[in-house]
Amino acid sequence: MVIIENLHKKFGKNQVLSGVDLTINEGGIFAVLGPNGSGKTTLIKSVLGMVIPNKGNITVLGENIKKNSEYRHKIDYLPQIANFPSNLKVKELIKMIKDLRKPTTEDKRLIELFKIESFLDKKLGQLSGGTKQKVNLVLTFMFDSPLIILDEPTTGLDPISLIRLKDLIKAEKAKGKTILITSHIMSFVEEVSDEIVFILEGKIYFKGSIQELKTKTQQPDFEHAIASILSDNHA
């Protein structure tokens, strides 16, 4: 599904990724974790073609992504911060995205799921952060793509919307999709992930199940296992 080989990326003198090798197989939920500045977002943006690596290869859905943008049509992406035009109405934005990509009726189900019917005629600039995130989720999940990338999807969500998001992610997984998630919310990661990838200082520190991480760090729970990695590497 996604194969990353010897990926390097520098911004100025700052080496953000240092020889990342990672294979993500088809089907399942993979959480990409790591402290701020570890290279998570750069890695995801490299997969999306939004960041051009200095060195290395990325293959997505069997296609090398160099000089190729067609593969992006098979990815649904939820950015961490969605900058919508503030004077556009919610329904206008949804229509615009559908016109740009492809026809779908799935938006109606998602609008109902996240209870944003009453906001469709409101301008995006008038919405709270949580409501904008729900709109963002509708835009992401309304197309039926085999690869879904969610960058901090829980931001601003109320508890009921969070439950609906978890159910939605699990339903997409049941269809055989591959889902990549970054999140700072460890309880969310623990509940939905099949496997985690932990990035530290631009390198893959760990890849495997949460149980394997607990065994490796000899910690009783997931949060302590993550804390143990961080304290060991900052000792």
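The notes below deal with the structure included here.

Cut-offs applied
- Residues numbered from 1 in each chain as written.
- Predicted model: local features only at pLDDT ≥ 70, side-chain atom pairs only at ≥ 80, totals over all residues.
- Heavy atoms only, no water.
- Pairing = 2+ DSSP bridges.
- Helix = DSSP H or I, 4+ residues; strand = E, 2+ residues; numbered from the N terminus.
- Axes fitted to C-alpha atoms, helices over the stretch in contact; angles between N-to-C directions.
- Contact = heavy atoms within 4.5 Å.
- Phe/Tyr/Trp six-rings, centres within 6.5 Å; stacked < 30°, edge-to-face > 60°.
- Buried < 20%, exposed > 50% of the residue type's maximum accessible area, 1.4 Å probe, protein only.
- Lys NZ or Arg CZ within 6 Å of the ring centre and 35° of its normal.
- Expected span 1.5 Å × (residues − 1).
- Parallel < 35°, antiparallel > 145°, perpendicular 65-115°, else oblique.
- Left-handed = near helix turned anticlockwise from the far one by under 90°.
- Nonpolar A, V, L, I, M, F, W, Y, C, P; charged D, E, K, R; others polar.
- Salt bridge = Lys/Arg side-chain N within 4 Å of Asp/Glu carboxyl O.
- Polar contact = N/O pair within 3.5 Å; in protein donor to acceptor, adjacent residues only side chain to side chain.
- Core = buried A, V, L, I, M, F, W, Y, C linked by side-chain atoms within 4.5 Å.

**Examining the sheet that holds strand β9 (residues 195-200)**
Within the open sheet, the six strands sit side by side as β6-β7-β8-β3-β9-β10. Their pairing is mixed. If you trace the sheet from one side to the other, it starts and ends with β6 (75-78) and β10 (203-208), each paired once. With direction set aside, neighbouring strand axes in the sheet form an average angle of 15°. Relative to the sheet, helix α8 (residues 222-233) contacts β3 (28-33), β9 and β10, its axis offset from that of β9 by approximately 20°.

**Topic: the packing of aromatic side chains**
For the coordinates displayed, the defined rule picks out one aromatic pair. Relative to Y205, the ring of F198 has its centre 6.4 Å away and its plane inclined at 75°; by these criteria the two rings are edge-to-face. We classify F198 as buried; its relative accessible area is 2%. Cation over ring: K9 sits above F11, and NZ or CZ is 5.0 Å from the ring centre. Between the NZ or CZ atom of K216 and the centre of the ring of Y205, over which it lies, the distance is 4.7 Å.

**Thoughts on helix α5 (residues 159-174)**
Under the 1.5 Å per step criterion, the end-to-end length of α5 is 23 Å for 16 residues, consistent within 8% with the ideal 22 Å. The secondary structure elements touched by the buried residues of α5 are β3, α3 (106-113), α4 (129-141), β7 (147-151), β8 (178-182) and α6 (186-192). Note on α5: the residue one or two positions beyond its end, G176, has a positive phi of about 90°.

**Considerations on the packing of helix α2 (residues 90-100) against α4**
It is at 10 Å that the axes of α2 and α4 come closest, and there the two elements cross at 20°. For the element pair α2 / α4, the angle class is roughly parallel. The handedness of the crossing between α2 and α4 comes out as right-handed. Listed contacts from α4 to V90, L93, I94 and I97 of α2 are V135, V138 and L139. Within the contact of α2 with α4, the residues separate by chemical class into seven nonpolar, no polar and no charged.

**Concerning the environment of L61**
As for its placement among the helices and strands, L61 is situated in the loop between β4 (55-60) and β5 (63-64). Beyond its immediate chain neighbours, meaning those up to four positions away, L61 contacts M1, K74 and P146.

**Overview of the pattern of salt bridges**
Inspection of every chain in the model, using the stated rule, returns 14 salt bridges. Close ionic contact of K74 with E63 constitutes a salt bridge, the shortest N to O distance being 3.1 Å. Here the residue K74 occupies a position in the loop between β5 and β6, and E63 occupies one in strand β5, the gap between them amounting to eleven residues. Judged by relative accessible area, which is 34%, K74 ranks as partly exposed. Taken together, the shared-partner salt bridges in this structure form one network comprising D144, E172, K175 and K177.

**Points about the side chain of K98**
For K98, the position within the fold is in helix α2. Within the local environment of K98, its side chain forms a polar contact with the backbone oxygen of T104, the two atoms lying 3.1 Å apart. Apart from residues no more than four positions distant in its own chain, K98 is found in contact with P103, T104, D107, M142 and F143.

**Considering the nonpolar core**
Membership of the largest hydrophobic core comes to 30 residues, with the highest contact counts inside it found for L124, V135, V138, F141, L150, I169 and I181. Of all the secondary structure elements, the ones that give two or more residues to this core are α2, α3, α4, β7, α5, β8 and α6. For this core, the element with the highest residue contribution is α4, accounting for five residues. Excluding residues that lie within four positions of it along the chain, I181 makes contacts with I29, F30, A31, V32, L150, P153, I169, F188 and V192. With 24 residues, the next largest nonpolar core counts L22, V60, Y71 and I149 among its residues.

Take it as geometry only, folks, not as evidence of what the structure does.
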